[in-house]
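# A closer look at the structure
Letter by letter, the chains look like this.
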Amino acid sequence: QVQLVESGGGLVQPGGSLRLSCAASRSIFAINAMGWYRQAPGKQRELVAAITSGGSTNYADSVKGRFTISRDNAKNAVYLQMNSLKPEDTAVYYCNVDLRSSWYKSNSVYWGQGTQVTVSS
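Notes on the structure in this doc start here. (Residues numbered from 1 in each chain as written. Predicted model: local features only at pLDDT ≥ 70, side-chain atom pairs only at ≥ 80, totals over all residues. Heavy atoms only, no water.)

If you tally the helices and strands in the protein, you get 0 helices and 11 strands. Counting from the amino terminus, helix and strand elements in the protein follow one another as β-β-β-β-β-β-β-β-β-β-β. Compactness check: the protein gives a C-alpha radius of gyration of 14 Å against a globular reference of 14 Å for 121 residues, within 12% of the reference. Over its C-alpha atoms, taken along the principal directions, the protein stretches across nearly 50 × 25 × 25 Å. Scored against the burial criterion, the 121 residues of the protein give a buried share of 41%. Put simply, of all contacts in the protein between residues at least 6 apart along the chain, 56% involve residues at least 24 apart. Accessible surface, the protein as shown: approximately 6,400 Å² in total, 47% of it carbon and sulfur. Here the protein holds 12 positive side-chain charges and 7 negative ones, and the gap between their average locations is 6 Å. (Helix = DSSP H or I, 4+ residues; strand = E, 2+ residues; numbered from the N terminus. Rg over C-alpha atoms; globule rule 2.2 N^0.38 Å. Buried < 20%, exposed > 50% of the residue type's maximum accessible area, 1.4 Å probe, protein only. Contact = heavy atoms within 4.5 Å. Areas by Shrake-Rupley, 256 points an atom, 1.4 Å probe, with all protein chains shown as cover. Lys, Arg positive; Asp, Glu negative; His and termini not counted. Charge placed at Lys NZ, Arg CZ, Asp CG, Glu CD.)

Take a look at the structure:
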């Protein structure tokens, strides 16, 4: 069974930066799209950023120009560099990966366990 392991969350002051990481627990046959979602208390989970297998990216309007998503296919990992953080960025962040774990399996979507990001002075 594939697991996605996240790291990098924490407490940061407004204007600060954090880098989130998410990596698969074992080798993967093929990885398609990868992304980051977040969920604030009392709100629905929302897409923050996504990156395709070809490297195309898209971002939520609220984070454009501040967040950068990237991937390392050799490490089966996806990253989210978050700069100029604001209190409204406070949420639990989840990575989301569409992958095919083995050649004989179909594509499935996996979620990370979530990592808390708190932006506060």
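Looking now at the environment of serine 70. Relative to the helices and strands, serine 70 resides in strand E7 (residues 67-72). Residue serine 70 is classed as partly exposed on the basis of its relative accessible area of 30%. With 23 residues separating them in the primary sequence, serine 70 and tyrosine 93 have C-alpha atoms 15 Å apart.

This part is about unusual backbone geometry. Phi at asparagine 76 takes a positive value of approximately 50 degrees, unusual for a residue other than glycine. Structurally, the position occupied by asparagine 76 is in the loop between E7 and strand E8 (77-82). Looking at asparagine 76, the relative accessible area reads 14%, which means it is buried. Backbone geometry places serine 84, a non-glycine residue, at a positive phi of 50 degrees. Following the sequence through the fold, serine 84 ends up in the loop between E8 and strand E9 (91-100).

So, about the pattern of salt bridges. The final tally for this structure, using the stated rule, is 4 salt bridges. A salt bridge links lysine 64 to aspartate 61; the shortest N-O distance between them is 3.1 Å. One connected set of salt bridges, linked through shared partners, spans Arg38, Glu46, Arg66 and Asp89. (Salt bridge = Lys/Arg side-chain N within 4 Å of Asp/Glu carboxyl O.)

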